[in-house]
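In case you want the letters, here they are:
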Amino acid sequence: MAVAETQLYAKVSNKHRSRSPSALLEPLLARGFPAHIAQKALVATGQKTIEDAAKWLHSHCNDPSLDDPIPQEYALYLCPTGRLHSRLQEFWQESKRQCGKNRAHEVFPHVTLCDFFTCEDQKVELLYDTLKRVGDSFSQSFPPSISLTLHASPSYLGFFIDDSQANVLKDFAVAFSSEASALADCHVKPCLKQFHLTLAHKFYPHHQKTLEQLAKCINPREPCQWVAALYSRDMRFVHYQRLRALFQYKPQNIDELMINAGDFIYVDPTHQCDVSEGWVIGTSHRTGCRGFLPENYTEKAHESDTWVKHREYVFDTASRSFTKTEKEPNVKLNGEAHNPSMSRSVTNVLSLQNAALRRGVLVMRHGERVDQVFGKSWLQQCLAADGKYYRADLNFPSSLPRRKDSTKQFECDPPLSCCGIFQSRLIGEALLDQEVPVSCVYSSPALRCVQTAQHVLQGLKLNQKVKIRVEPGLFEWTKWEASRVIPSFMTVAELVEASYDIDTSYRGNFPLSSLVPSESHEDYVSRSSAVIKQIITACPSKGKGVILIVAHGSSLASLTRPLTGLPSRDSSDFAQMVRKIPSLGMCFCEEQKEENKWQMVNPPVKTLTHGANAAFNWRNTIMGD
């Protein structure tokens, strides 16, 4: 281990280019963080926001390697987006289902332009500048479309890129590597071999035929916008396995590792020989700490799950693209023509191409709340004589977040049940599968809504990238509050302390003090209409992506009808309508070509339907007379 670390340190250059601190670095320095540690945090989070870097520093406060001068490794990939990417993802999923996992599943679809190289933290911004500058210089010469030819062998399946187009890509890679090497003082090696996009690699020979049949169903002429993206990885863990935590684990002993659901763990296979059965020893990607953890709390993750995306350059070739997409559907397999036979699912998904032109608003009801299952007295069922919370049923949450006021406040502001958490994450994963580009998230202050938003973002793999804006104006019609008072919600500080990804800089359009008990239906409709207009205004009309709003059953109509220009329902019809809206019910509005003109369309994912599961008493049912 000492030898390996010595080799890593040897790669680090001691020469430092004198540069003024970046706009992101200065605030961290002002908070008292040493420059090398602040730069490490920025690089580890892709230099996105100060908040991300500060959160990383907080999580890594006990990281024994925090002061180690080990740089990240970087790679430049050419990645497809749009419908071609969707077809490739469908192949990824179906090939994994039918033939099991192969090496290609470790990384997303891509063409390697420059393989991994090291760069000192303080010089990473020079890589960003280089990517932008070289991208601009090749923007007009970049191929308007890239011809892909399917190639198969007993251990490899993928698309080869036409030589003439590959030469342009090679020139781009050479230009980037030359300029990056000179400016950032690092050794960047361009890929000069046959340019290819791998579909399957190192699979069992008897799976070749099945994989080929699946690959022939991909139409490589699908509309696609290509993106040159810069990714990084932690060079210390290149040869480690990666695990994803399914559940939270709180250490029982000093040598055990604290993990949260969704955490990634690096595990060295060579260090597991002396570990007790059922346990592994690993290093947390989130905290940098090392320790033992139960293996059955985890599942295998992909290599690229722990990579960080830094910057990308989008080659806008729409005006120069060919128009024969639908007329020339044939795929070539080693030079022979084949006609795709896979039926394409017709869904009303907001594609990445449309997302670049239009905004979308997805309004979603929260997941199953605990009192929905166990009644209003649910909390009494979970409190021991000493007042401590315990889990009386597996559908109760494993724990309750800490709040400064009484635990009794959860009666009026209940959390999600465990099934509600699962529902929310399932919806997030479905949105991810359909590539719905969520760009910002708003939530009602109700805990069940914040939790739903959090778990949807986890399913989308955006929980560390997109923050939740808590908007009091999104709370439901207060007339329906049985207590006749506005619930005491958890504060933003308490939500952050409970590890919810909250946008602490956001100030709501409606302060909590503006919510009044038993408001009239007209006042609620007016409040909802005002808050949706303010949310739309806050998200620029030229911005990309979908605005996700997580609120209540009543919100689906009260937010979308004024947005689409429809009149409000009368109060009696409104109540009947809301009763029909299930957990995670959703409505989707899409902006039309005319700015601020919206239309209701089908949601981007299917509905979630499941049956009830009543409590079971084996003694009364099985043993009773």
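Definitions and limits used
Residues numbered from 1 in each chain as written. Predicted model: local features only at pLDDT ≥ 70, side-chain atom pairs only at ≥ 80, totals over all residues. Heavy atoms only, no water. Salt bridge = Lys/Arg side-chain N within 4 Å of Asp/Glu carboxyl O. Helix = DSSP H or I, 4+ residues; strand = E, 2+ residues; numbered from the N terminus. Buried < 20%, exposed > 50% of the residue type's maximum accessible area, 1.4 Å probe, protein only. Contact = heavy atoms within 4.5 Å. Polar contact = N/O pair within 3.5 Å; in protein donor to acceptor, adjacent residues only side chain to side chain. Expected span 1.5 Å × (residues − 1). Arc of directions from axis to C-beta. Pairing = 2+ DSSP bridges. Axes fitted to C-alpha atoms, helices over the stretch in contact; angles between N-to-C directions.

Attention now moves to the pattern of salt bridges. The full count for this structure, using the stated rule, is 29 salt bridges. For Glu 497, the salt bridge goes to Arg 402, with nearest N and O atoms at 3.9 Å. With a gap of 95 residues between them, Glu 497 in helix α13 (residues 492-497) and Arg 402 in the loop between α10 (370-374) and α11 (418-433) connect regions that are remote in the sequence. Exposure class is identical for Glu 497 and Arg 402. Each is exposed. Here the residues in one salt-bridge network are Glu 73, Arg 103, Arg 233 and Glu 303, joined through shared partners.

With that settled, the discussion passes to unusual backbone geometry. Positive phi is not limited to glycine here, since Lys 461 has a value of about 60 degrees. Tracing the sequence through the fold places Lys 461 in the loop between α12 (447-460) and β17 (468-470). One non-glycine residue, Leu 584, adopts positive backbone phi at about 65 degrees. Turning to its location among the elements, Leu 584 is positioned in the loop between α16 (571-578) and β19 (586-591).

Here we come to the side chain of Asn 463. Of note, Asn 463 is situated in the loop between α12 and β17. For Asn 463, a relative accessible area of 19% translates into the label buried. Other than its neighbours up to four places away in sequence, Asn 463 contacts Gln 454, Leu 457, Gln 458 and Asp 501.

By secondary structure assignment, the location of Asp 503 is in the loop between α13 and α14 (521-538). Using a relative accessible area of 16% as the deciding quantity, one classes Asp 503 as buried. A polar contact is formed between the side chain of Asp 503 and the side chain of Ser 505, at a distance of 2.6 Å. Not counting chain neighbours up to four residues away, the residues in contact with Asp 503 comprise Lys 467, Ile 468 and Arg 469.

Another point: helix α7 (residues 163-184). Under the 1.5 Å per step criterion, the end-to-end length of α7 is 30 Å for 22 residues, consistent within 8% with the ideal 32 Å. Restricting attention to buried positions, one finds in α7 the residues Gln 165, Ala 166, Leu 169, Lys 170, Phe 172, Ala 173, Phe 176, Ser 177, Ala 180 and Ala 184. Angular distribution of buried residues about the axis of α7 spans 160 degrees; they occupy a single face of the element. Seen from the open side of α7, the exposed residues pointing more than 90 degrees away from its buried face are Asp 163 and Ala 182. Here the buried face of α7 lies against β1 (72-81), β2 (111-119), α6 (124-138), β4 (156-161) and β6 (225-234).

Sheet architecture is open: six strands sit in the order β17-β16-β18-β15-β19-β20, paired in mixed fashion. Edge positions in the open sheet fall to β17 and β20 (598-601), since each of these has one partner strand only. Going across the sheet, the axis of each strand differs from the next one's by a mean of 25 degrees, ignoring polarity. As defined by bridge partners, β19 adjoins β20 across four bridges and the pair is classed as antiparallel. Note that in β20 the partner of Glu 591 across the bridge is Trp 598. Set on the sheet, α12 makes contact with β15 (359-365), β16 (438-443), β17 and β18 (545-551); between it and β16 the angle comes to about 165 degrees.

Counting buried residues along helix α15 (residues 555-563), seven of its nine residues qualify, which places the element largely inside the surrounding structure. Within α15, burial applies to Ser 555, Leu 556, Ala 557, Ser 558, Leu 559, Thr 560 and Leu 563. At the exit of α15 stands Gly 565, carrying a positive phi of roughly 85 degrees.

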